[in-house]
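Secondary and tertiary structure notes
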Amino acid sequence: MPENAWPAGVVARYLTKAAEILGEDITVDVAEAGGRATATCRGCGSECRNDLMYANVTVLPWAIEHAETCRAMPRPTA
Ligand SMILES: [Zn+2]
């Protein structure tokens, strides 16, 4: 799998403020699975979840708004 491939189930990604500043790949990922939509910030770990039918009015706007303001850097894994 190419390194820049999206994880399974991810339907939208938004670069965070920190990513914009650092030029790194830190995103808020919106994933759909089992009738639920979940937005997860890969910088700070915050989440927003709702039923898929409400994703466009809750989860997506949360993901966009969070990505625009989140300056968190993920903990290094190596
Ligand atoms: Zn965040």
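It should be emphasised that the depicted structure is a prediction, and the values quoted were computed from it without experimental measurement. (Residues numbered from 1 in each chain as written. Predicted model: local features only at pLDDT ≥ 70, side-chain atom pairs only at ≥ 80, totals over all residues.)

A short note on the overall build of the chain
- Helix and strand counts for the chain stand at two helices and four strands.
- Counting helices and strands in the order they occur from the N terminus, the chain gives β-α-β-β-β-α.
- Projected onto its principal axes, the C-alpha positions of the chain cover 35 × 30 × 15 Å.
- For the chain, with 78 residues in total, the buried portion stands at 27%.
- For the chain, long-range pairs separated by at least 24 residues make up 38% of all intrachain contacts whose partners lie at least 6 apart in sequence. (Helix = DSSP H or I, 4+ residues; strand = E, 2+ residues; numbered from the N terminus. Buried ≥ 20, exposed ≤ 12 C-beta atoms within 10 Å, placed from the backbone. Contact = placed C-beta atoms within 7 Å.)

A closer look at the nonpolar core
- If you look at the biggest cluster of nonpolar residues, it comprises 15 residues, and the most contacted ones within it are Val 28, Val 30, Ala 39, Cys 48, Val 59, Trp 62 and Ala 63.
- Looking at this core, the elements that each hand over two or more residues are α1 (17–22), β2 (27–33), β3 (36–41) and α2 (59–69).
- It is α2 that provides the largest number of residues to this core, a total of four residues.
- Contacts of Val 28, omitting those with residues within four sequence positions, involve Tyr 14, Thr 16, Ala 39, Thr 40, Cys 41, Ala 63, His 66 and Ala 67. (Core = buried A, V, L, I, M, F, W, Y, C linked by C-beta atoms within 7 Å.)

Looking at the pairing of β2
- For strand β1 (residues 10–15) and β2, the ladder comprises five bridges, and the chain directions are antiparallel. The residue bridging Ala 12 from the neighbouring strand is Val 30, located in β2.
- Taken together, the six bridges between β2 and β3 define a ladder with antiparallel strand orientation. Its bridge partner being in β3, Ala 33 is matched across the sheet by Arg 36.
- Where β2 folds back on β3, the antiparallel hairpin that results is connected by two residues, among which Gly 34 adopts a positive phi of roughly 55 degrees. (Pairing = 2+ DSSP bridges.)

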